[in-house]
Amino acid sequence: MPRGRYSLHDPHDHTPLGEEHFQCAPGPSGWRYVSQTITPSGDHAGSVDLALDDLGRPIRLELHAASWQVRGAALDGVTWVRTDPTGAHATEGNVRAHAFTGTSPAFLIATARLLRLTPGSPATRVRLVAFTDPVLAPRTVDQSWALVKSEAHTTDSGPLTVDEYQVSALDTGEQHTVHIAGDVVLAAPGVELESLDTPPSPSL
């Protein structure tokens, strides 16, 4: 069960956004990720609880940030309920999309597990609902994912396969690279892996 810490920063100006303390593991039906986010000053900022089925679809998502809460799942596309800080005005949403995304590295792992790409295969288009901090406002985004290469690296605990993805935002054409090993993000825009207690779980 990998357990560790990511540092988060603004991918454009590198302003520190805090840290995400996480643990994740394969389960009987798929994969689960839970985390707590901390501000640069050390205050609690939010949490993520994401469970995927064995096909990589989100069967449960619960996000907390700035007193806002989102609960969602794959249902007729993706469906969610977003609750305001007072709890008085919950709003429901539904989009014909494949999955969710957001600032947490968990969503990069989730998208990679959903797409199951192979090196050298054509780029795959995916529609996602992004929940943006700090108020978890939903926004539909279209991305293109391609697995550029997979490389095996020798480590003290055995071979470690690192996948390099190229991710493109189809609305702006902006491209970036994501490095994933098993169920841990090694590096991505705005994300750095700072510590890891145990090796990543193998990829599917």
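Note that the structure is a prediction, hence the values are computed from the model and not measured.

Reading the values: the criteria
Residues numbered from 1 in each chain as written. Predicted model: local features only at pLDDT ≥ 70, side-chain atom pairs only at ≥ 80, totals over all residues. Heavy atoms only, no water. 1 Å grid on protein atoms, 1.4 Å probe; cavity = no way out; pocket = protein on both sides within 12 Å on 5 of 7 lines; lining within 4 Å. Points joined across faces, edges and corners; volume = space filled by probe spheres on them. Nonpolar A, V, L, I, M, F, W, Y, C, P; charged D, E, K, R; others polar. Core = buried A, V, L, I, M, F, W, Y, C linked by side-chain atoms within 4.5 Å. Buried < 20%, exposed > 50% of the residue type's maximum accessible area, 1.4 Å probe, protein only. Helix = DSSP H or I, 4+ residues; strand = E, 2+ residues; numbered from the N terminus. Contact = heavy atoms within 4.5 Å. Salt bridge = Lys/Arg side-chain N within 4 Å of Asp/Glu carboxyl O. Phe/Tyr/Trp six-rings, centres within 6.5 Å; stacked < 30°, edge-to-face > 60°.

(A) Layout of empty space enclosed by the protein. Counted according to the given criterion, the structure contains one cavity of 30 Å³ or more. In this structure, the largest cavity occupies an estimated 30 Å³ of space. Along the walls of the largest cavity sit Leu50, Leu52, Gly56, Pro58, Ala99, Phe100, Phe107 and Ala110, which together make up its complete lining. In terms of residue class, the lining of the largest cavity is made up of seven nonpolar, one polar and no charged.

(B) Up close: the nonpolar core. By size, the foremost hydrophobic cluster in this structure holds 46 residues, and its most contacted members are Phe131, Trp145 and Tyr165. Examining the composition of this core, we find that eight residues originate from one element, helix H1 (residues 106-115), more than from any other. Trp145 has contacts with Leu108, Thr111, Ala112, Leu115, Leu117, Ala123, Thr124, Val126, Tyr165, Gln166 and Val167, leaving out every residue within four places of it along the chain.

(C) Quick peek at the pattern of salt bridges. Per the counting criterion, the structure on display carries nine salt bridges. The shortest N-O distance in the salt bridge between Arg60 and Asp49 comes to 3.2 Å. Of this pair, Arg60 sits in strand E5 (residues 58-65) while Asp49 sits in strand E4 (residues 44-53), placing them 11 residues apart in sequence. For Asp49, a relative accessible area of 17% corresponds to the buried category. In this structure, the salt-bridge partner of Asp53 is Arg57, at a minimum N-O distance of 2.7 Å. Judged by its relative accessible area of 40%, Arg57 is partly exposed. Connected through shared salt-bridge partners, Arg32, Asp49 and Arg60 make up one network.

(D) The environment of Val126, seen in detail. Among the structural elements, Val126 can be located in strand E10 (residues 124-132). Overall, Val126 belongs to the buried group, its relative accessible area being 1%. On a C-alpha basis, the gap between Val126 and Thr15 in space is 29 Å, while along the polypeptide they are 111 residues apart. Discounting residues that sit within four places of it in the chain, Val126 has contacts with His98, Thr111, Leu115, Val141, Asp142, Gln143 and Trp145.

(E) A look at the side chain of Ser201. For Ser201, the location among the structural elements is in the segment after strand E15 (191-196). On the basis of relative accessibility, which here comes to 8%, the residue Ser201 falls in the buried class. Ignoring sequence-local partners within four residues, the contact set of Ser201 consists of Pro2, Pro26, Gly182 and Asp183.

(F) Quick peek at H1. Across the 10 residues of H1, 10 count as buried, placing the element largely inside the fold. Considered for burial, the residues of H1 that qualify are Ala106, Phe107, Leu108, Ile109, Ala110, Thr111, Ala112, Arg113, Leu114 and Leu115. Backbone geometry just downstream of H1 places Arg116 in the positive-phi region, at approximately 50 degrees.

(G) Structural view of the packing of aromatic side chains. For the structure on display, the rule yields six aromatic pairs. The interplanar angle of 45 degrees and the centroid separation of 5.9 Å between the aromatic rings of Trp31 and Tyr33 together place this pair among those described as tilted. Ring plane angle 35 degrees and centroid distance 5.6 Å describe the contact between Phe100 and Phe131, whose orientation is recorded as tilted. Here Phe100, found in strand E9 (residues 99-102), pairs with Phe131, found in strand E10; they are 31 residues apart in sequence, far enough to count as distant. Take Phe131: its relative accessible area is 2%, and that puts it in the buried class. Of the aromatic side chains, those joined through ring pairs into one cluster are Tyr6, Phe22, Trp31 and Tyr33.

(H) Molecular detail of unusual backbone geometry. Residue Pro134 follows Asp133 across a cis peptide bond; omega there is 5 degrees. Within the secondary structure, Pro134 is located in the loop between E10 and strand E11 (137-155). Although it is not a glycine, Ala66 sits at a positive phi angle of roughly 50 degrees. Its location among the elements puts Ala66 in the loop between E5 and strand E6 (68-74). Located in the positive-phi region is Asp76, a residue other than glycine, with phi close to 55 degrees. Judged by its relative accessible area of 53%, Asp76 falls in the exposed class.

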